[in-house]
Amino acid sequence: MNFAIVGPGAIGSLWASSLSHAGHNINLWSRQTDNQLTIQCDNHLPLTLPNNDHQALKNSDVVLVTLKAPFVLSGLKSLVEHIHSDAIIVLMHNGMGTAEPVSSLFPNNPLLLATTTHGAYRPTPQHVLHTGKGNTQLGATNSLGHQCEFIVDVLNNALPTVEWHSNIQQALWNKLAINCAINPLTAINNVNNGTLSQQAYQYDLQQIINEVVEVMHAEAIAVEMQALTKTIQHVIEATAANYSSMQQDIAHRRTSEIDFITGYLIARAKHHQIDVSFNQSLYNSIKQIEQSW
Ligand code: KPL
């Protein structure tokens with residue numbers, strides 16, 4: 001199949017490499033102006049792939065968007081006329097809130113949402129390291145998307161494991177809850193994920209989780225407080241040495257995903273008239289840091 005990877009950062013490059021090694025044609029769409037880019041994943045042979053090629057994009061059967069949430073809408077707006085209306089669009093990023101505007105932008109395309117736990121790190125623009133094997137959950141967000149379950153086999157063959165979710169909102173909310181708990185706290189305190197297992201952070205974590213659970217229930221998402229607390233503790237331990245994406249963004253003075261993580265939670269809480277003042281204060285702190293630059 002013909003795949004376009006829009007935003008070939010660490011995760012996008014991992015998918016580009018995996019799909020190419022599985023025999024698919026890959027074209028990239030990135031901020032870089034070169035018409036070809038090289039990607040080498042782990043010790044595989046380096047791949048040279050077309051970049052910003054309008055014709056290749058137009059011929060793409062699948063457009064895998066691995067841009068960070070704040071850049072998805074602006075990135076795709078500039079590509080509207082170059083993406084075929086039959087192309088399956090897959091959004092894969094941390095956070096929520098891009099599906100509706102993207103759906104309005106591409107009303108005739110099948111639209112899928114994905115969340116992944118693969119670890120990838122790009123030490124240089126050409127190199128990507130697959131630092132942690134994970135899984136990817138995929139599901140539809142419009143009726144055309146519901147006809148695209150077959151894509152799971154294609155993706156699973158390239159970078160297992162990939163599972164189809166008939167209710168992808170559940171999987172996205174589970175990931176959002178983890179990100180609401182870990183990302184702002186690690187960014188504000190400038191610590192790695194493992195530091196959050198210290199006693200000093202337990203009160204804050206519980207406040208975040210209490211509010212998240214209330215909003216998830218209002219959204220009709222199945223969640224149990226104790227199970228979620230356990231999952232978050234497990235992720236903190238399993239990724240103890242890692243710095244969260246938000247900690248890294250804030251440390252490098254890059255736009256963070258706060259509007260699509262805690263910001264999305266706050267927007268849904270407002271809709272249901274739920275008080276999420278603890279998460280609101282974390283949101284304000286991150287915004288304050290960003291505005292101080
Ligand atoms: O997804 C993550 C992130 O950093 O954005 C977690 C799960 C918190 C791992 O670091």
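Residue numbering note: each chain is counted from 1, following its sequence as written. This being a predicted model, a pLDDT of at least 70 is required before a residue's local features are given, and a value of 80 or more before pairs of side-chain atoms are given or counted; all residues contribute to the totals for chains, interfaces and linings. With hydrogens and water set aside, each side-chain value is computed from the structure's full complement of heavy atoms.

Chemist: Requested: an account of unusual backbone geometry, with residues and values cited.
Modeler: Between Pro160 and Thr161 the backbone carries a cis peptide bond, its omega angle lying at -5°. Numbering goes from the N terminus for both helices and strands, where a helix is a DSSP run of H or I of at least four residues and a strand is a run of E of at least two. By the secondary structure assignment, Thr161 is in the loop between α5 (151-158) and β11 (162-164). Phi is positive for Asn52, which is not a glycine, with a value near 55°.

Chemist: Tell me about the side chain of Asn51, and please be specific about residues and values.
Modeler: Here Asn51 shows up in the loop between β4 (47-50) and α2 (54-58). We classify Asn51 as buried; its relative accessible area is 2%. For the purposes of these results, a polar contact is taken to be a pair of N or O atoms within 3.5 Å, where, inside protein, one atom must be able to donate a hydrogen and its partner to accept one; residues adjacent in sequence count only when each atom of the pair is a side-chain atom. In terms of polar contacts, Asn51 uses its side chain to reach the side chain of Ser30, at 3.2 Å. Of the polar contacts made by the side chain of Asn51, one reaches the backbone oxygen of Gln32; its length is 3.0 Å. Here, two residues are considered to be in contact whenever any of their heavy atoms come within 4.5 Å of each other. In contact with Asn51, other than residues within four places in its own chain, are Leu28, Trp29, Ser30, Gln32, Thr33, Asp34, Asn35, Gln36 and Leu37. Think of it in three bands: with a 1.4 Å probe and only protein chains considered, a residue is buried below 20% of the maximum accessible area for its type, exposed above 50%, and partly exposed in between.

Chemist: Any chance you could break down the sheet that holds strand β6 (residues 88-92) for me, citing the residues and the numbers?
Modeler: Across the sheet, which stays open at both edges, the 7 strands sit in the order β2-β1-β5-β6-β7-β10-β11 with mixed pairing between neighbours. Across the chains shown, the open sheet's two edge strands, defined by having one partner strand only, are β2 (25-29) and β11. Adjacent strand axes in the sheet meet at a mean angle of 25°, parallel and antiparallel pairs treated alike. At least two DSSP bridges between two strands are needed for those strands to be called paired. In terms of strand pairing, strand β1 (residues 2-6) meets strand β5 (residues 62-65) through 4 bridges, oriented parallel. From the neighbouring strand, Ile5 faces β5, where its bridge partner is Leu64. Sheet strands in contact with α5 are β1, β5, β6, β7 (111-116), β10 (136-140) and β11, and its direction is about 165° off that of β11. Note on geometry: axes are C-alpha line fits, over the in-contact stretch for helices, and angles between N-to-C directions span 0 to 180 degrees.

Chemist: Account for the site of the ligand, with residues named and values stated.
Modeler: Note on terminology: near, applied to a residue and a molecule or strand, indicates that one of the residue's heavy atoms is within 4 Å of it. Near the ligand the following residues occur: Asn94, Lys175, Asn179, Ile182, Asn183, Asn193, Val235, Ser244 and Ser245. Contact between the ligand and Asn183: an oxygen atom at 3.1 Å from a side-chain N or O atom of the residue. Note that an oxygen atom of the ligand is positioned 2.9 Å from one of the side-chain N or O atoms of Asn193. In the complex, the protein chains occlude 83% of the 280 Å² of accessible area that the ligand would expose alone. In terms of residue count, helix α6 (residues 168-189) provides more of the shell around the ligand than any other element does, 4 residues in total. Using the Shrake-Rupley algorithm and a 1.4 Å probe, accessible areas are obtained, with residue cover drawn only from the displayed protein chains.

Chemist: Explain empty space enclosed by the protein to me, using residue names and the numbers behind them.
Modeler: Cavities and pockets were defined on a 1 Å grid built over protein atoms only: a cavity is a set of grid points that admits a 1.4 Å probe from which the probe cannot escape, a pocket is an open set flanked by protein on both sides within 12 Å along at least five of seven lines, and lining residues are those with an atom within 4 Å of any such point. Grid points are joined across faces, edges and corners, and a volume is the space filled by probe spheres set on the points. Counted by the stated rule, this structure contains 2 cavities of 30 Å³ or more. Taken as a whole, the largest cavity spans an internal volume of roughly 40 Å³. Residue lining of the largest cavity: His93, Asn94, Gly95, Met96, Thr115, Leu172, Lys175 and Leu176, and that is the complete set. Broken down by element, the residue count for the lining of the largest cavity peaks at 3 residues, all from α6. Asp, Glu, Lys and Arg are counted as charged, while Ala, Val, Leu, Ile, Met, Phe, Trp, Tyr, Cys and Pro are counted as nonpolar; the rest, among them Gly, fall into the polar class. In the lining of the largest cavity, the residues fall into 3 nonpolar, 4 polar and 1 charged.

Chemist: Explain the domain arrangement of the protein chain to me, using residue names and the numbers behind them.
Modeler: All domain edges in this entry derive from an automatic or database-based domain assignment. What the domain assignment lists for the protein chain is domain 1 (2-165) and domain 2 (169-291). Each of domain 1 and domain 2 has a C-alpha centre, and the two are 25 Å apart. Listed as interface residues are 15 residues of domain 1 and, on the opposing side, 16 residues of domain 2. Buried area: the accessible surface (1.4 Å probe) lost by two parts on joining, summed over both. Its largest share of buried area at the contact with domain 2, domain 1 owes to Lys68, Asn94 and Met96, together 48% of the area lost on that side. Here, a salt bridge means any side-chain nitrogen of Lys or Arg that lies within 4 Å of a carboxyl oxygen of Asp or Glu. Along the contact surface separating domain 1 from domain 2 lie 1 salt bridge. Between Lys68 and Asp249 there is a salt bridge, with its nearest N and O atoms 2.7 Å apart. Broken down by secondary-structure element, the contributors of at least two residues to the side of domain 1 that touches domain 2 are α3 (69-77) and β7. Among the residues forming the side of domain 1 that touches domain 2, the class breakdown is 6 nonpolar, 8 polar and 1 charged.

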